[in-house]
Amino acid sequence: MIEVEGLSVEYGAGRYGVLALDDVSLSVKQGEFVAVVGPSGCGKSTLLFVLDGLVPPTSGTVKIEGEPVRDIRRDVALILQDAGLLPWKTVRQNAELALRIQGRKEDVGGVLEQLGLAGFERRFPGELSEGMRRRVGIARALALHPKVLLMDEPMANLDSITRERIQNLILALWNRLGFTAVLVTHDIEEAVFLGQRIFVFTPRPGRVAEVVDNPDMGRVDYRDSEAFRARVHHLREVLVGSAI
Ligand SMILES: Nc1ncnc2c1ncn2[C@@H]1O[C@H](COP(=O)(O)OP(=O)(O)OP(=O)(O)O)[C@@H](O)[C@H]1O
Ligand SMILES: [Mg+2]
């Protein structure tokens, strides 16, 4: 369970301060999959950094499993937009990185296999397709066996086929592993495909403008349904029209 109460984040202070988030309150239930959408610069990444303990709240409280977030937690993992791979390390070493930073010795073989990367352990990121590189980034996060998986645009800048396949993969992993998921995305259709609830943020400073319930998420063929199109249409009006 994630509880965010009155969260504001200001980078810098005074005349040079930038208010990124302003009085954000939201909660995410254990095992829930939520999506966060909003205009560029509205503080979406900032929210994930706060949830991951990398950026402290300027005011307000953020709790995971009832405990205030003060630092990086063992059970929370963050996937960055470009997967954050180190080009001079192999697939296996990249996938192990977050575990080793935490001083953990677990083996990543099983996770690499789940992500279709078995046989590529000794390759370097430069020898992989972009879709495979993203999967290494996902493997690195899942290797932590997180209770909470934070994702910052994990499918950005992928071709549409690879994007859809990785969306399906993330859905399957969530169904199988049961982590709580927070997905930040620019892609309205992706938010509707993956978010049981979708938090729509205002332009900076980010506030929650609307919460869209999306109970049909995860249903077979949801992408092709009328309900899917209706929710995409609604979100497009809110985000692209000047409603906020
Ligand atoms: N380290 C920093 N120092 C100063 N300002 C920052 C810093 N990081 C972010 N900001 C500012 O805070 C605001 C929110 O940034 P953030 O990266 O969280 O937005 P975002 O919603 O993730 O944007 P995008 O959709 O473009 O990724 C932006 O206006 C940005 O310029
Ligand atoms: Mg961002």
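Now for a description of the structure that goes with this document. Computed from a predicted model, the values in this text were never measured in an experiment.

## So, the packing of aromatic side chains
- Under the definition given, this model contains two aromatic pairs.
- Ring plane angle 75° and centroid distance 5.5 Å describe the contact between F33 and W174, whose orientation is recorded as edge-to-face. A residue pair is termed long-range when its members are at least 10 positions apart, and F33 in strand β3 (residues 33–37) and W174 in helix α5 (residues 160–177) qualify at 141 residues. In terms of burial, F33 and W174 fall into one category: buried.
- When the ring of Y222 is compared with that of F228, the centres are 5.2 Å apart and the planes differ by 85°; the resulting orientation is edge-to-face. Side by side, Y222 and F228 carry an identical accessibility label, which is buried.
- The ring centre of F193 lies 3.6 Å from the NZ or CZ of R223, which sits over that ring.

## Here's the deal with helix α1 (residues 44–51)
- Most of α1 sits inside the fold, with six of its eight residues counted as buried.
- Looking only at α1, the buried set comprises K44, T46, L47, L48, V50 and L51.
- Looking one or two places after α1, you find G53, whose phi comes out positive at around 80°.

## Things to note about unusual backbone geometry
- In this chain, R204 is followed by P205 through a cis amide linkage whose omega measures -5°.
- Structurally, P205 is set in the loop between β9 (197–201) and β10 (208–213).
- A positive phi angle, near 55°, is found at D23, a position not held by glycine.
- The residue E65 is not glycine, and still its phi comes out positive at about 50°.
- Look at E65 and you get partly exposed, because its relative accessible area is 32%.

## Some details on the site of ligand 1
- In the vicinity of ligand 1, the contacting residues are Y11, V18, A20, S40, G41, C42, G43, K44, S45, T46, H186 and R204.
- The contact in question runs from an oxygen atom of ligand 1 to an N or O atom on the side chain of S40, over 2.6 Å.
- Note that an oxygen atom of ligand 1 is positioned 2.5 Å from one of the side-chain N or O atoms of T46.
- Alone, ligand 1 offers 640 Å² of accessible surface; in the complex the protein occludes 61% of this.

## Some remarks on the environment of V37
- Within the element layout of this structure, V37 appears in strand β3.
- Judged by its relative accessible area of 2%, V37 falls in the buried class.
- Considering only alpha carbons, one finds V37 and E113, 76 residues apart in sequence, at a separation of 31 Å.
- Other than its neighbours up to four places away in sequence, V37 contacts K44, T185, A191, I198, F199, V200, F201 and L239.

## Side note on the sheet that holds strand β6 (residues 76–79)
- Spatially, β6-β7-β8-β3-β9-β10 is the arrangement adopted by the six strands of the open sheet, whose pairing is mixed. A single partner strand is all that each edge strand has here, and the edge strands are β6 and β10. Across this sheet, the average inter-strand angle for adjacent strands is 15°, counted without regard to direction.
- Across four bridges, the pairing between β3 and β9 is parallel. Its bridge partner lying in β9, V34 is registered against R197.
- Lying on the sheet, helix α4 (residues 130–142) is in contact with β6 and β7 (148–152); it crosses β6 at an angle near 170°.
- Strands in contact with helix α7 (residues 226–240) are β3, β9 and β10; relative to β10, the strand with the most contacts, it is inclined by about 175°.

## Comments concerning the packing of helix α2 (residues 91–101) against α4
- Direction vectors running N to C along α2 and α4 enclose 40°, while the axes themselves pass 6 Å from each other. Our classification of the angle between α2 and α4 gives oblique. Here α2 runs over α4; the crossing is right-handed. Residue-level inspection shows V91, N94, A95, L97 and A98 of α2 in contact with α4, the latter providing V136, A139 and R140.
- Looking at the contact of α2 with α4, its residues break down into six nonpolar, one polar and one charged.

Conventions used here
Residues numbered from 1 in each chain as written. Chains lettered and ligands numbered in written order. Predicted model: local features only at pLDDT ≥ 70, side-chain atom pairs only at ≥ 80, totals over all residues. Heavy atoms only, no water. Phe/Tyr/Trp six-rings, centres within 6.5 Å; stacked < 30°, edge-to-face > 60°. Helix = DSSP H or I, 4+ residues; strand = E, 2+ residues; numbered from the N terminus. Buried < 20%, exposed > 50% of the residue type's maximum accessible area, 1.4 Å probe, protein only. Lys NZ or Arg CZ within 6 Å of the ring centre and 35° of its normal. Near = heavy atom within 4 Å. Polar contact = N/O pair within 3.5 Å; in protein donor to acceptor, adjacent residues only side chain to side chain. Areas by Shrake-Rupley, 256 points an atom, 1.4 Å probe, with all protein chains shown as cover. Contact = heavy atoms within 4.5 Å. Pairing = 2+ DSSP bridges. Axes fitted to C-alpha atoms, helices over the stretch in contact; angles between N-to-C directions. Parallel < 35°, antiparallel > 145°, perpendicular 65-115°, else oblique. Left-handed = near helix turned anticlockwise from the far one by under 90°. Nonpolar A, V, L, I, M, F, W, Y, C, P; charged D, E, K, R; others polar.

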